[in-house]
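# Structure at a glance
One letter stands for each residue in the lines below.
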Amino acid sequence: DIAGEPRDEITTLPQRKTRTQRNKARRLTVAINNKRREKIRSKVVADADRIDEIQKELSDEKVESAKNQKKRKLIHKNRLLNPRIGRRRFRPSVMDLQTTEDVSGSLRQQGKVVSSMRDPLKLRFESFQSRNIIPATAPLQRRVP
């Protein structure tokens, strides 16, 4: 005994169901199963009606996945062929060219224009970076006081 209470020797059994209760429960489960089967059957019929549409969707997905896979293989192949040495990706420097509106007079009168892009060492350095022989560096940021 728990906490000093006497224990009941008679255990109560659950009440037996009558025949009508059993029949009612059986009819209810049969109705639920029939409803479930009908729902599945209607879904199958609906899918059968749009089978052409489903096949088209599947073929479109297959074509798209094949295209994406080919693209991924090409990217992977390019990465293997051209491994990047440094952390940065090479970006060619922008050439500053004067437009025809900016140039006044004849070209003979303009004189010699000194351009950092014509510097052979700088061109060679950028060529090495573009061919991934040396790691690409970030362009220098000049501070303006």
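As the structure is a computational prediction, the values presented were derived from the model and not from experiment.

### Details of the overall build of the chain
- Scanning the chain for helices and strands turns up four helices and zero strands.
- For the chain, the N- to C-terminal ordering of α and β elements is α-α-α-α.
- By the burial criterion, 3% of the 145 residues in the chain qualify as buried.

### Quick look at the pattern of salt bridges
- Taken as a whole and judged by the stated rule, the model has three salt bridges.
- Glu 53 is paired through a salt bridge with Arg 50; the nearest N and O atoms lie 4.0 Å apart.
- For Arg 50, a relative accessible area of 33% translates into the label partly exposed.
- One salt bridge connects Glu 57 with Arg 50, and the closest N-O pair in it is separated by 3.8 Å.
- One continuous salt-bridge network, built from bridges that share partners, spans Arg 50, Glu 53 and Glu 57.

### Here we look at unusual backbone geometry
- One non-glycine residue, Asn 132, lies in positive phi territory at about 65°.
- In this fold, Asn 132 is placed in the segment after α4 (120–130).
- Using a relative accessible area of 22% as the deciding quantity, one classes Asn 132 as partly exposed.

### Here we look at the environment of Arg 84
- Assignment of secondary structure puts Arg 84 in the loop between α2 (51–81) and α3 (107–110).
- For Arg 84, a relative accessible area of 46% translates into the label partly exposed.
- Expressed as a C-alpha distance, the spacing of Arg 84 and Ile 133, which sit 49 residues apart in the sequence, is 9.3 Å.
- Once residues lying within four places of it in the same chain are set aside, the contact partners of Arg 84 are Arg 89 and Asn 132.

The rules behind these values
- Residues numbered from 1 in each chain as written.
- Predicted model: local features only at pLDDT ≥ 70, side-chain atom pairs only at ≥ 80, totals over all residues.
- Heavy atoms only, no water.
- Helix = DSSP H or I, 4+ residues; strand = E, 2+ residues; numbered from the N terminus.
- Buried < 20%, exposed > 50% of the residue type's maximum accessible area, 1.4 Å probe, protein only.
- Salt bridge = Lys/Arg side-chain N within 4 Å of Asp/Glu carboxyl O.
- Contact = heavy atoms within 4.5 Å.

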